[in-house]
Each structure stands twice: as C-alpha cells, then as structure tokens.
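Summary of structural features
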Amino acid sequence: MASELYNTIDALSKEKGIDPRIVVSAVEDAIVVATRKYYKTQENLRAQLDKDTGKIRAFAVKPIVETPEQVEDPTLQVTVEEARKSDPDAQVGGELQIPRETEGILGRIAAQLAKQVIFQKVREAERDTVYNEYIGRVGEIVNATVKRIEGPDVIFDLGKAESRMPRKEQSRLESFAIGERVRVVIARVEKASKGPGVVVSRAAPELVQHLFQTEVPEIYDSTVVIRAIAREAGERTKIAVMSRDKEVDAVGACVGMKGMRVQSIIRELRGEKIDIIEYHEDPVTFAEKALQPAKVSRVTVVDPGGKHLEVVVDDSQLSLAIGKKGQNVRLAAKLLGWKIDIKSEEEKRQEVEEQMAQLTAAIATPLESVEGLGEGLVEKLKSAGISTVEALADMTPEQLEAIEGIGPKTVEKISVAVNNYFAALEGGEAIALPENEGQEPVAEPEPESAESSDQSEEGTLAEGEILETQPSQQEAAEPQSEEATEANVEGQDTREAEEPAEERKQ
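Remember, predicted model here, so these are calculated numbers, not experimental data.

Some points on the overall build of the chain
Looking only at helices and strands, the chain has 20 helices and 15 strands in total. Burial analysis of the chain (506 residues in total) assigns 37% to the buried set. Taking the contacts inside the chain whose residues are at least 6 apart along the sequence as the reference set, 57% of them involve residues at least 24 apart. By element, 48% of the accessible surface of the chain is carried by carbon and sulfur atoms, the whole surface being about 30400 Å².

Structural data, given as structure tokens:
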C-alpha cells in the first residue's frame, strides 16, 4: 500500500499534468540538499523514497579504488580494504553507500530550502510538459478564455496551460474582456524562464483561413482551394482562391448569397476589410486581379528569375493602386510573391523618353564618318556645336545658313552628303552631287576612242563619288568668294562644271 506522502505526490502530478517520477525525483533532491546543509559536507549524497513506508533514506556514495595511492580525496573515494569493513562484498569499481541519518534534520531553514527545490523542479517539469504538448500544434486554431490582462499583453487559459498574446499579435480593432472566449492561433512555443511558454495570435493569416473553412462548405470539402493569403491585421486582407470544379465560382462561393458568408467573417474580425481574388497561374493576370480595386493599364515582367513586375496605371488610378501608406500594393506583392513597381502613364512616358535620349547619345556618329564633308566644313560645324551626324541631320536649312561661312550651296552639299551616308547605311544608292543636277543620263558605252575615253573619265562622276582637288596657291592666297569656299571645302575642281558643258556641245 502506498504511503500518504506518495499519494500526495501522485495527486500533485495529476493536477500539474506531469509524471509522478519527476515529483519523486524533486523530493529526493530536496532531501539531499537538506542533508548536505545539515552535515556541512561535500560528500556525494543520494536520497531514496520508499513508496510503501514513505520514509526517505540518504546515503553518502563513494567510488571504490584498489590502493591508497589512487585515493585523491578521502571524502569522495575509499579503498577496497576500507570498503570491505562495511560491506564484505565490495569490489573495485563499485560504490560504497554509507547511510546518513535523516530524522530531525529538516529544521525550519532546511525545510524551506527543500520546499524551494521541490517547487523549482515541478515548475521546470511543467514547462517541459507544456512545451512537448504544444510544440507540435503550432499554427493550430484553438478556443481560449481571456484570463487576465497584463499591460499590453492578454493572458489566455488554454485548459492545460496559459498562453500569452503580445501587442504585435493583436488586431488594432479588437479589445477583450475577462472571461471572453475567442479563437486564437498558436503562433509559437517558447521555453521561457518564467510565465507561460505558449504565444497565441489573432493577427496570423491562418485565422482568416480557418474562418473561411468554417463558413464556406466548398473550402471545407476542397472544391475551392485557398492558394494565398496576405494580411495586415485590423486593416485589410487579400485572399486568392481557385475552384477545382468548372461549374463552381470560387469568388462567389466565398462571398455567399448577398455577401452573407464573408460578412460573417468580417464581423468575427471586428470589421477588417477582405478582398477575395481569383487565383491565376499567369503572374500578369494575377497581378491585375490582386491590385483591385485599381484598374491596371498593363503589366510587364521585368525579371522572371528575380520575380519582378512593372505595373503601369492611369494617372488617376495611381493613388488607388498604391493604397493608403502603400498598403494595397504591399499586400498584392505578398499575395503574388513578386516584387511590384507601380508607375503612372506620365512617369512611364518620361522614362521612355530618357531611355531614347540615352540611346541616341550612345549611338552618335562623328562628322568625320560622312564622306564629302571637308575638314574646313567639319571644323565650322563643330565650332557651331554640331559634332554628330544625327545632330546635323536634325538641322533645318535655315539653321545651317545661320552658321557663319555656310551659304545655300554649302547647305545643299551637306544635305546630299548626309543623304548619301544614311542611304549607304540602309543599303541604298547614293545621291548625285548638285553639280551634276540636270546632266543627261549617260547611255550604254559604245566602243570609244582613246580621246573620248579620256574625256569621259575626266568629265563624268562615278555614282556617289566626289572628286577632290587641292586649291592652287593663288586661290589660297586670295580672299575667296562663297562659291570658291564651297568648292574648296568639297574638293571640287572648277573644271568639273565646264567639262560636262563641253560634252553636251559635242
């Protein structure tokens, strides 16, 4: 028959939900502490509770060694010869148990010390029991009763243990009264040194998921599947749903007739806004749905690997798409799992213009690349701030004539040279220089004499070719007219205009 002490230990174990052996071990440890304090010794002590009688015996335990030389501390070790005086069966490597009297040693101070040891051991065992009970239930929805409020934290009674809900796990729309029963999510389990080790939450997305499973039968039987949830407790929740049955509307099933199902969930969450969105595998379509109620103009995938989207909306829809303090786009990004950049049409237009300007600057071609522009003309153009072919092509004849030293004929020559350059880039044919304007097309050559061959070679320009001649010393010394300047710039000989005239006479 078990003793009265053991029955008390058994009742305490059932109340705390811990193993009775843990309480027995705590009592034995307490007796060891009290015995060591009473005898003022450093011996290795061990206590043992007799379940039937309820008596606790204490022993000094000493390992047995063979020779005196092996004894390092007589308080902790004993030779085999000395051990056999108390126990004839003692062997080297065994232990000698020397009984210590425990009657009357539990004075007031020792009893208080033993009580503290027992309570400490029981609390540690209770925390371990709670940890093992709830560590596998993280994310589970449980019913809890508000037990007390400690500052910003709310303490709940889970039945077997207490739990704590810190301020960051609460919705700003909710307040609690003592004794109120609410549904909470087990967020995490901590091995804290004091207080409850279970942390619960009303701000976790799992709470919304559980509420939808409770209110929507199609979700409960897996006809409609919740694919993603993004939530900011007390503000707004976005939930993406998908139907496995083509005849079942996923969004309509969650909303319910006249919104009854979703309104029930909103009441449970104290008025938190809920957006129900149809899930799409295509991130572009999903992004358009997720940014509701804003209307999206277009969505572009910037980086598929890095999951980066660019969304362009009308200028009037920009603030609605971003939401209050960026909440709408932030929740949409959480729902998709993609990074989202939102831009208005005006911002996108400016960005494209900047990119085009940079591209144009990057492909600028120097004036020296154009055949037919002499060094003198190139220097004049550069002194006027025109250093690229693209800039020259954008100039109007009036703007070119405004440059000092450039007249109408030079403008015409520049136009032909630039056109020839771009025609060559496009694979087209070059345009004849203005000196050849009005010249009759040359017929297919017949057998010619040496004289006519020489004349044709001198008087006819090959297609797209410009003859270059050096000005005479006299022309270089005298001030030149505009026509002479233009001829020198282009490297044209004065004979170039006369010889075709002679050909026409012949």
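Examining unusual backbone geometry
Going from Gln-292 to Pro-293, the amide bond is cis rather than trans, its omega being 15 degrees. Mapped onto the secondary structure, Pro-293 falls in the loop between helix 9 (283-290) and strand 13 (296-303). Residue Lys-307 is not a glycine yet carries a positive backbone phi of 55 degrees. With respect to the secondary-structure elements, Lys-307 resides in the loop between strand 13 and strand 14 (308-313). On the basis of relative accessible area, Lys-307 is assigned to the partly exposed category, the value being 43%. A positive phi angle, close to 55 degrees, is found at Lys-325, a residue other than glycine. Locating Lys-325 in the fold gives a position in the loop between helix 10 (318-322) and helix 11 (327-336).

Let's talk about the pattern of salt bridges
Here the structure, examined in full by the defined rule, presents 29 salt bridges. The partner of Arg-188 in a salt bridge is Glu-169, and the shortest N-O contact between them spans 3.6 Å. A residue pair is termed long-range when its members are at least 10 positions apart, and Arg-188 in strand 8 (residues 181-189) and Glu-169 in the loop between strand 7 (162-165) and strand 8 qualify at 19 residues. Across the pair Arg-231 and Glu-272 runs a salt bridge whose closest N-O atoms are separated by 3.0 Å. With a gap of 41 residues between them, Arg-231 in strand 10 (residues 224-232) and Glu-272 in the loop between helix 8 (260-268) and strand 12 (273-278) connect regions that are remote in the sequence. With respect to burial, Arg-231 and Glu-272 carry one shared label: buried. Among the ionic contacts, a cluster of salt bridges with common partners joins Asp-153, Arg-164, Glu-169, Arg-188 and Glu-190.

With respect to the sheet that holds strand 11 (residues 236-243)
Taken in spatial order, the three strands line up as 10-11-12 in an open sheet, and their pairing is mixed. Sheet topology places strand 10 and strand 12 at the edges, where each strand pairs with a single neighbour. Along the sheet, successive strands turn relative to each other by an average axial angle of 20 degrees, direction set aside. For strand 10 and strand 11, the ladder comprises eight bridges, and the chain directions are antiparallel. Considered in strand 11, the bridge of Ala-230 is made with Lys-238. Sheet contacts for helix 9: strand 11 and strand 12; angle to strand 12, the most-contacted strand, approximately 155 degrees.

Regarding the packing of helix 5 (residues 205-215) against helix 8
Where helix 5 contacts helix 8, the axes come no closer than 10 Å and their chain directions differ by 140 degrees. The pairing of helix 5 with helix 8 is recorded here as oblique in orientation. For the pair helix 5 and helix 8, the crossing hand works out as right-handed. In this structure, helix 5 uses Leu-211, Phe-212 and Glu-215 to contact helix 8, whose residues at the interface are Arg-261, Val-262, Ser-264, Ile-265 and Glu-268. A class-by-class count of the residues in the contact of helix 5 with helix 8 yields four nonpolar, one polar and three charged.

Here we look at the packing of aromatic side chains
Aromatic ring pairs are reported here in terms of the distance separating the ring centres and the angle at which the planes meet. Applying the stated criterion to the full structure yields two aromatic pairs. Plain terms: the ring middles of Phe-156 and Phe-176 are 6.0 Å apart, the flat faces sit at 85 degrees to each other, and that makes the pair edge-to-face. With a gap of 20 residues between them, Phe-156 in strand 6 (residues 153-157) and Phe-176 in the loop between strand 7 and strand 8 connect regions that are remote in the sequence. Take Phe-156 and Phe-176: they sit in the same class, and that class is buried. On the numbers, 5.0 Å between centres and 70 degrees between planes, the contact of Tyr-279 with Phe-286 is edge-to-face. In this structure Tyr-279 comes out as buried when scored by relative accessible area, which is 16%. Given the relative accessible area of 4%, Phe-286 is considered buried. In this structure, Arg-227 packs its charged tip against the face of Tyr-279, placed 4.4 Å from the ring centre.

Section: the sheet that holds strand 7
What the five strands build is a closed barrel, ordered 5-6-7-9-8; its pairing is mixed. Recorded for the sheet is a direction-independent mean angle of 55 degrees between the axes of neighbouring strands. Seen against the sheet, helix 5 touches strand 5 (141-150) and strand 8 and runs at an angle of roughly 135 degrees to strand 8.

Describing the packing of helix 9 against helix 11
It is at 10 Å that the axes of helix 9 and helix 11 come closest, and there the two elements cross at 145 degrees. Here helix 9 runs over helix 11; the crossing is right-handed. Mapping the contact onto sequence places Pro-283, Phe-286, Ala-287 and Ala-290 in helix 9 and Ala-332, Leu-335 and Leu-336 in helix 11. When grouped by side-chain class, the residues that make up the contact of helix 9 with helix 11 number seven nonpolar, no polar and no charged.

Focus: helix 9
The complete set of buried residues in helix 9 reads Val-284, Phe-286, Ala-287 and Ala-290. Projection of helix 9 onto a plane perpendicular to its axis shows the buried side chains occupying an angular sector of 165 degrees, all on one side. Along its buried surface, helix 9 packs onto strand 11, strand 12, strand 13, strand 14 and helix 11.

Conventions used here
- Residues numbered from 1 in each chain as written.
- Predicted model: local features only at pLDDT ≥ 70, side-chain atom pairs only at ≥ 80, totals over all residues.
- Heavy atoms only, no water.
- Helix = DSSP H or I, 4+ residues; strand = E, 2+ residues; numbered from the N terminus.
- Buried < 20%, exposed > 50% of the residue type's maximum accessible area, 1.4 Å probe, protein only.
- Contact = heavy atoms within 4.5 Å.
- Areas by Shrake-Rupley, 256 points an atom, 1.4 Å probe, with all protein chains shown as cover.
- Salt bridge = Lys/Arg side-chain N within 4 Å of Asp/Glu carboxyl O.
- Pairing = 2+ DSSP bridges.
- Axes fitted to C-alpha atoms, helices over the stretch in contact; angles between N-to-C directions.
- Parallel < 35°, antiparallel > 145°, perpendicular 65-115°, else oblique.
- Left-handed = near helix turned anticlockwise from the far one by under 90°.
- Nonpolar A, V, L, I, M, F, W, Y, C, P; charged D, E, K, R; others polar.
- Phe/Tyr/Trp six-rings, centres within 6.5 Å; stacked < 30°, edge-to-face > 60°.
- Lys NZ or Arg CZ within 6 Å of the ring centre and 35° of its normal.
- Arc of directions from axis to C-beta.

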